[in-house]
Amino acid sequence: GQQVMQIPQYQHVQEGEDFTTYCNSSTTLSNIQWYKQRPGGHPVFLIQLVKSGEVKKQKRLTFQFGEAKKNSSLHITATQTTDVGTYFCAGPKAGNNRKLIWGLGTSLAVNP
Amino acid sequence: EAGVTQSPTHLIKTRGQQATLRCSPISGHTSVYWYQQALGLGLQFLLWYDEGEERNRGNFPPRFSGRQFPNYSSELNVNALELEDSALYLCASSLVGAGSYEQYFGPGTRLTVT
């Protein structure tokens, strides 16, 4: 079945270092969404990418959608302790835009 | 604007009992999704309701069921609880609209089965 895979599963960085998580879909996606879940919290919507090759920035976060619309990345520049959490990507199920297929997430730990 | 609300925050049940979890979506959102998140794991899709009807369900046994009410709030019922049902149950809502697919999550209900 349709799958969304994320790597790495875990990442431990020193504060100030950069961080990147990658998301790969087994099928072409109409859009891809990114969410962040802080420890003890719930997932919070960050952004949606729709266009092939789209790049969007939110302060230190840069999101990219691949040209083939099958992969995406989230890059954080100069991580801070507030970036700690699990980052999930999710894409719509083929033929059903209202149901999301979720990656397993990348857990980011930041050493101060 | 009020966010998605869920009740109760915590629920402790004994194996074999039934649990009922409740969710109120953001005003104007007609779709409600239920997810199970076991400790340290990802989101497992449970159920999706829209306009009062079940639209899709994940790979969970029939003892997981729910419904959506006319005001779009929703209820998740778990019968014959098993120890492995212990998890955070998250509800999310979304707005039907062109290109609008993002989901907004509630704080979750932490279910513990002993």
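Rules of the game
Residues numbered from 1 in each chain as written. Chains lettered and ligands numbered in written order. Predicted model: local features only at pLDDT ≥ 70, side-chain atom pairs only at ≥ 80, totals over all residues. Heavy atoms only, no water. Helix = DSSP H or I, 4+ residues; strand = E, 2+ residues; numbered from the N terminus. Rg over C-alpha atoms; globule rule 2.2 N^0.38 Å. Buried < 20%, exposed > 50% of the residue type's maximum accessible area, 1.4 Å probe, protein only. Areas by Shrake-Rupley, 256 points an atom, 1.4 Å probe, with all protein chains shown as cover. Lys, Arg positive; Asp, Glu negative; His and termini not counted. Charge placed at Lys NZ, Arg CZ, Asp CG, Glu CD. Core = buried A, V, L, I, M, F, W, Y, C linked by side-chain atoms within 4.5 Å. Contact = heavy atoms within 4.5 Å. Buried area = accessible area lost by both parts, 1.4 Å probe. Salt bridge = Lys/Arg side-chain N within 4 Å of Asp/Glu carboxyl O. Polar contact = N/O pair within 3.5 Å; in protein donor to acceptor, adjacent residues only side chain to side chain. Pairing = 2+ DSSP bridges.

1. A few points about the overall build of chain A
For step 1, the next point in the chain: Along the backbone of chain A there are 0 helices and 11 strands.
For step 2, the next point in the chain: Reading the helices (α) and strands (β) of chain A from amino to carboxyl end gives β-β-β-β-β-β-β-β-β-β-β.
For step 3, the next point in the chain: The C-alpha atoms of chain A give a radius of gyration of 13 Å, which matches the 13 Å a tight globule of 112 residues would have.
For step 4, the next point in the chain: Along the longest, intermediate and shortest principal axes, the C-alpha atoms of chain A span 45 × 25 × 20 Å.
For step 5, the next point in the chain: Split into buried and exposed, the 112 residues of chain A put 49% on the buried side.
For step 6, the next point in the chain: Surface summary for chain A: the accessible area is close to 5300 Å², and the carbon and sulfur share equals 51%.
For step 7, the next point in the chain: Distance between charge centroids for chain A: 14 Å, based on 12 positive and 6 negative side chains.

2. Regarding the nonpolar core
For step 1, the next point in the chain: Within the largest apolar cluster, 21 residues are counted, with the highest numbers of intra-cluster contacts made by B:Leu21, B:Trp34, B:Leu46, B:Leu76, B:Tyr89 and B:Leu111.
For step 2, the next point in the chain: Residue assignment for this core shows that the elements contributing at least two residues are strand E3 (19-24), strand E4 (31-37), strand E5 (44-50), strand E8 (74-78), strand E9 (87-94) and strand E11 (109-113) of chain B.
For step 3, the next point in the chain: In this structure, A:Leu29, A:Trp34, A:Phe65 and A:Ile76 belong to the second largest nonpolar core, which totals 20 residues.

3. A short note on the interface of chain A and chain B
For step 1, the next point in the chain: On the chain B side, the residues contacting the 17 residues of chain A number 22 residues.
For step 2, the next point in the chain: A buried area of about 1700 Å², summed over both sides, lies between chain A and chain B, and 54% of it is on carbon and sulfur atoms.
For step 3, the next point in the chain: Contact with chain B buries surface across chain A, with A:Arg98, A:Lys99 and A:Trp102 losing the most and accounting together for 37% of the total.
For step 4, the next point in the chain: Between chain A and chain B we count 0 salt bridges in total.
For step 5, the next point in the chain: Across the contact surface, chain A and chain B share 4 residue pairs in polar contact (both at pLDDT 80 or more).
For step 6, the next point in the chain: Those elements that place two or more of their residues in the side of chain A that touches chain B are strand E4 (32-37), strand E5 (43-49) and strand E10 (96-102) of chain A.
For step 7, the next point in the chain: Here the side of chain A that touches chain B takes 6 residues from E10(A), the largest share from any one element.

4. Let's talk about the pairing of strand E7 (residues 64-68) of chain B
Within a regular strand, side chains alternate between the sheet's two faces.
Residue and element names in this part refer to chain B.
For step 1, the next point in the chain: Looking at chain direction, E7 and E8 are connected through 5 bridges and run antiparallel. The residue bridging serine 65 from the neighbouring strand is asparagine 77, located in E8.
For step 2, the next point in the chain: Hairpin connection, E7 to E8: the antiparallel pair is bridged by 5 residues, and tyrosine 72 has positive phi, about 75 degrees.

5. Considerations on the pattern of salt bridges
Two side chains of opposite charge can pair, provided their charged atoms sit close to one another.
For step 1, the next point in the chain: The tally for this structure, following the rule as stated, stands at 7 salt bridges over all chains.
For step 2, the next point in the chain: Put simply, B:Arg22, B:Arg67 and B:Glu75 are held in one network by salt bridges that share partners.

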